[in-house]
Protein chains: 2
Amino acid sequence: KKNKNMRLIDLSIGDVSLPLPSSCIDGIDNAKKLLANKETFTGYPPSTGHTFLKEEIIKNDYNTRGIDFSNEEVFISDSSKSDITNILDLFKDNLCVALQNPVYPVYVDSNILKGNKIIYITDIETFLPPICKVDLIYLCFPNNPTGKIISKETLKKYVDYATKNNALILFDSAYEAFIQQEDTVHSIYEIDGAKNVAIEFRSYSKTAGFTPIRLAYCIVPKQIVIESTNGTKISLNSAFKRLKDTKYNGPSFLSEYAIYNTYTTNKLCELRENISYYLNNVKLLTEFFDSKNMIECISINSPYVWIKTINNLSSWDFFYYMLDNFMILGTPGSGFGTYGDGYFRLTGFSSYEDTLEAINRMKKVL
Amino acid sequence: KKNKNMRLIDLSIGDVSLPLPSSCIDGIDNAKKLLANKETFTGYPPSTGHTFLKEEIIKNDYNTRGIDFSNEEVFISDSSKSDITNILDLFKDNLCVALQNPVYPVYVDSNILKGNKIIYITDIETFLPPICKVDLIYLCFPNNPTGKIISKETLKKYVDYATKNNALILFDSAYEAFIQQEDTVHSIYEIDGAKNVAIEFRSYSKTAGFTPIRLAYCIVPKQIVIESTNGTKISLNSAFKRLKDTKYNGPSFLSEYAIYNTYTTNKLCELRENISYYLNNVKLLTEFFDSKNMIECISINSPYVWIKTINNLSSWDFFYYMLDNFMILGTPGSGFGTYGDGYFRLTGFSSYEDTLEAINRMKKVL
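Residues numbered from 1 in each chain as written. Chains lettered and ligands numbered in written order. Predicted model: local features only at pLDDT ≥ 70, side-chain atom pairs only at ≥ 80, totals over all residues. Heavy atoms only, no water.

Q: Tell me about the overall build of chain A, and name the residues and values.
A: The helix and strand tally for chain A stands at eleven helices and 14 strands. Computed over C-alpha atoms, the radius of gyration of chain A comes to 21 Å, within 12% of the 21 Å expected from 2.2 N^0.38 for 366 residues, which places it in the range of a compact globule. Projected onto the principal axes, the alpha-carbon positions of chain A cover approximately 60 × 60 × 35 Å. Long-range contacts, defined here as pairs at least 24 residues apart, represent 72% of the contacts in chain A between residues at least 6 apart. Carbon and sulfur atoms make up 50% of the accessible area of chain A, which amounts to about 14500 Å² in all. Of the side-chain charges in chain A, 39 are positive and 42 negative, and the distance between the mean point of each set is 3 Å. (Helix = DSSP H or I, 4+ residues; strand = E, 2+ residues; numbered from the N terminus. Rg over C-alpha atoms; globule rule 2.2 N^0.38 Å. Contact = heavy atoms within 4.5 Å. Areas by Shrake-Rupley, 256 points an atom, 1.4 Å probe, with all protein chains shown as cover. Lys, Arg positive; Asp, Glu negative; His and termini not counted. Charge placed at Lys NZ, Arg CZ, Asp CG, Glu CD.)

Given below as structure tokens:
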């Protein structure tokens, strides 16, 4: 009410604002034409997605980094969120899982639903052999919300730990397309031995602006073995395929074709242009907050700016401070876990104009 | 090999073959344009789907039958299969569930995954108070695979049973658009009291030929109360919304807009034309098998023809008989449960030409 003459600027959203790239729009148009004709109409997709797209994923996203998979190791779906949560159905209850803190809250909620014991990785470098045997380790790099990346050396330690302790790593690389630094990994499979102990989740939501049209994939290498409830060893890949067949009917042909067209017409540059746009917003925000000494660790590899609140305000007090004074919305860090309190997340997903305007408003007071 | 000169005719598929109706194609085109422009772009859908479509669903699918819901009672998703299986997360393990037999195998598999006790309804009319208290009752009408419908009187008995015994009915009306008879229900909510004890699943897969583009919805009335694991009463609607927020990011805008355009341009007649095409195939098959006394119960309300095998062959022996002699694929009834053995399912989803050709091949021998 106080600020009724000031327009609200939303820098809280983890959602894209640029329209779909033209190669994706063309792909939708092509798919639409195929579905409009009896001769080219195709019905249910396979529960793990169409082979035509799997082949492009392997070729463009993995072969380019010297990694290879068979089509059966790629599971295309509408959403990483669904995959990350549903895969827990394959495991016993009462597991011990290690999660980063702060972290994407979906990992927490889905494990609470299963009654799993959660221990937190508060410092990725010094995470010691835990008090209980860890069965699952969730890693998200570049991290949401902190934007932090992981070095190859550190990630290798996790892969080695998982190998030695029979743990499974769930590697969420939803933001890999935002990576600018050379000294990190785009995929956990750049680490030797990872194919035996890690599955990887990727999404087109932020990479290609697919939030409205839903598409993601996950890699489950064939050599990963898990223990079934009766103690026998089974292939995680086969078990996940069985779960997919039981609970899922596959992703939309329209969304698959949208990104298929981008791959096959060599238009990944269009996706990169959009990402550069968001990263430029991040850069502007980062420079501003860094000049105010509110940034502990500068990140150039994610769409998020993770700042320390001023005057030791709690996350929520700072939320209202930002709203009351500048009519700017952000996300309280405490929403990402206890270690997020005293922090605040802003995103680069707004427009360039709104990002500039937000900085100008804050300049006058902060 | 024996039949290498004979083309295989697939009457096993539960999948549509006609292209998407033109009003849906136009809807996809409109949505595509909205997503191609910054001013009209919209990102993540709500986890239960967009209000613009919920309003049309209530208006067209329910208000026309004197039933009303609020938008919050409609949950739009990519797939009934996902909803039917994922909703089990909300309940304790080791429930007692009642399933029809023969039945859609997904109900069975998802309950086995949860460790639930399954008892079978082999005769819908004479299903007696079961040996254990039934917590969940799955009903699918028109039924897959038998094509049977249920009378209002019988369905009322199930609603009354559920009311009295604190059970929940999961009513799958995936095939309601195929109903030709007057003396049955399109929705369980045509029965008094059902809003307190029943949720309903519908899909656009068969209704609008959406198998490639994935869209479904389910109705969870607000007044349904379930017991949480600690014994407190909670609203199933709120719990399901919470589950959706945790595990799902909503349906595709393209698919929502496809059917939205059909509703708003009054083109539901296009959908009915496609359904009539499939039902005509069913009629041709039904007349043929009825003339051979292979049909126990004629159905005019589903895309399926459920036949008794000849010479008391098992379902699989009859499968090979059909393949060896006529190069016709069908689905062995035993795949739908023990009471399906000795039966065989054929579908009307093939083309008119293939349906005729199949009948001509069989005429010569059967």
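Q: Please provide a residue-by-residue account of unusual backbone geometry, values included.
A: All names here are of chain A. In this structure, the amide linkage connecting Phe141 to the following residue, Pro142, adopts the cis form with an omega of -10°. By the secondary structure assignment, Pro142 is in the loop between β5 (136-140) and α5 (152-165). Here the amide bond leading from Asn144 into Pro145 is cis, since omega sits at 20°, within 30 degrees of zero. By the element assignment, Pro145 lies in the loop between β5 and α5.

Q: Just give me the short version of the packing of helix α2 (residues 51-62) of chain B against helix α8 (residues 253-264) of chain B, but keep the residues and values in it.
A: All names here are of chain B. Look at α2 against α8: their axes get within 10 Å of each other, and the N-to-C directions meet at 40°. Between α2 and α8, the angle falls in the class oblique. When the axes of α2 and α8 are compared, the crossing they make is left-handed. Facing α2, whose interface residues are Phe52, Leu53, Glu56, Ile57, Asn60 and Asp61, α8 presents Phe253, Glu256, Tyr257, Ile259, Tyr260, Tyr263 and Thr264. Split by residue class, the contact of α2 with α8 holds eight nonpolar, two polar and three charged. (Axes fitted to C-alpha atoms, helices over the stretch in contact; angles between N-to-C directions. Parallel < 35°, antiparallel > 145°, perpendicular 65-115°, else oblique. Left-handed = near helix turned anticlockwise from the far one by under 90°. Nonpolar A, V, L, I, M, F, W, Y, C, P; charged D, E, K, R; others polar.)

Q: Could you give me a rundown of the interface of chain B and chain A, with the residues and numbers involved?
A: Much of the literature gives interface size as the accessible area that the parts lose upon coming together. Chain B puts 53 residues into the contact, and the matching count from chain A is 53 residues. Both sides of the chain B and chain A interface together cover about 4200 Å² of buried area, and 59% of this is carbon and sulfur. Looking at the side of chain B facing chain A, the largest losses of area belong to B:Lys38, B:Tyr44 and B:Lys247, adding up to 15% of the total buried there. Connecting chain B to chain A are 26 residue pairs in polar contact (both at pLDDT 80 or more). Secondary structure elements with two or more residues in the side of chain B that touches chain A: α1 (22-36), α3 (80-86), α4 (105-113), α6 (204-207), α7 (236-247) and α8 of chain B. With six residues, the single largest contributor to the side of chain B that touches chain A is α1(B). Classifying every residue of the side of chain B that touches chain A gives 21 nonpolar, 19 polar and 13 charged. (Buried area = accessible area lost by both parts, 1.4 Å probe. Polar contact = N/O pair within 3.5 Å; in protein donor to acceptor, adjacent residues only side chain to side chain.)

Q: I'd like a description of the sheet that holds strand β7 (residues 198-203) of chain A, backed by residues and values.
A: All names here are of chain A. Taken in spatial order, the seven strands make up an open sheet running β2-β8-β7-β6-β5-β3-β4, and their pairing is mixed. The sheet is open, and its two borders are formed by β2 (74-77) and β4 (117-121), each paired with just one other strand. Shown here is a sheet whose adjacent strand axes are inclined to one another by a mean of 20°, direction ignored. Two elements, strand β3 (residues 96-100) and β4, share five bridges in a ladder whose sense is parallel. Among the inter-strand pairings, Cys96 is bridged to a residue of β4, identified as Lys117. (Pairing = 2+ DSSP bridges.)

Q: Describe empty space enclosed by the protein, listing the residues and the values that go with them.
A: A complete count under the given rule lists six cavities of 30 Å³ or more for this structure. In this structure, the largest cavity spans a volume of roughly 260 Å³. In this structure, the largest cavity is lined by 19 residues; those nearest its centre are A:Ser82, A:Asn86, B:Ser82, B:Asn86 and B:Lys247. Counting residues per element, the ones that place at least two in the lining of the largest cavity are α3 (80-86) and α7 (236-247) of chain A together with α3 and α7 of chain B. For the lining of the largest cavity, a count of residues per class yields six nonpolar, five polar and eight charged. Each pocket or cavity is described by its volume, and for the second largest cavity that value is around 60 Å³. A:Asp78, A:Ile213, A:Arg214, A:Gly250, A:Pro251, A:Ser252, A:Ser255, B:Asp78, B:Ile213, B:Arg214, B:Ser252 and B:Ser255 together form the lining of the second largest cavity. Broken down by class, the residue content of the lining of the second largest cavity amounts to three nonpolar, five polar and four charged. (1 Å grid on protein atoms, 1.4 Å probe; cavity = no way out; pocket = protein on both sides within 12 Å on 5 of 7 lines; lining within 4 Å. Points joined across faces, edges and corners; volume = space filled by probe spheres on them.)

Q: An account of helix α5 (residues 152-165) of chain B is needed here, citing residue identities and associated values.
A: Residue and element names in this part refer to chain B. Look at α5: 20 Å from first C-alpha to last across 14 residues, which is about the 20 Å you get at 1.5 Å a residue. Turning to α5, its buried residues number three or more, namely Thr154, Leu155, Tyr158, Val159, Tyr161 and Ala162. Take α5 and look down its axis: the buried residues cluster within an arc of 160°, on one side only. Away from its buried face, by an angle of more than 90 degrees, α5 presents the exposed residues Glu153, Lys157 and Lys164. Those residues of α5 that are buried are in contact with β4 (117-121), β5 (136-140) and β6 (168-172). (Expected span 1.5 Å × (residues − 1). Buried < 20%, exposed > 50% of the residue type's maximum accessible area, 1.4 Å probe, protein only. Arc of directions from axis to C-beta.)

Q: Outline the environment of A:Ser80, listing residues and values.
A: Summarising the element assignment, A:Ser80 is placed in helix α3. A C-alpha to C-alpha distance of 25 Å links A:Ser80 and A:Thr154, two positions 74 residues apart in sequence.

Q: An account of the packing of aromatic side chains is needed here, citing residue identities and associated values.
A: Taken as a whole and assessed by the stated rule, the structure comprises 60 aromatic pairs over all chains. Taking the centre distance of 5.8 Å and the plane angle of 80° together, the rings of A:Tyr277 and A:Tyr278 count as edge-to-face. The class for A:Tyr277 is partly exposed, based on a relative accessible area of 24%. Considering the side-chain rings of B:Phe319 and B:Tyr320, the 5.1 Å spacing of their centres and the 85° angle between planes classify their relative orientation as edge-to-face. Stacked on the ring of B:Tyr343, the Lys or Arg B:Lys308 has its end atom at 4.8 Å from the ring centre. (Phe/Tyr/Trp six-rings, centres within 6.5 Å; stacked < 30°, edge-to-face > 60°. Lys NZ or Arg CZ within 6 Å of the ring centre and 35° of its normal.)

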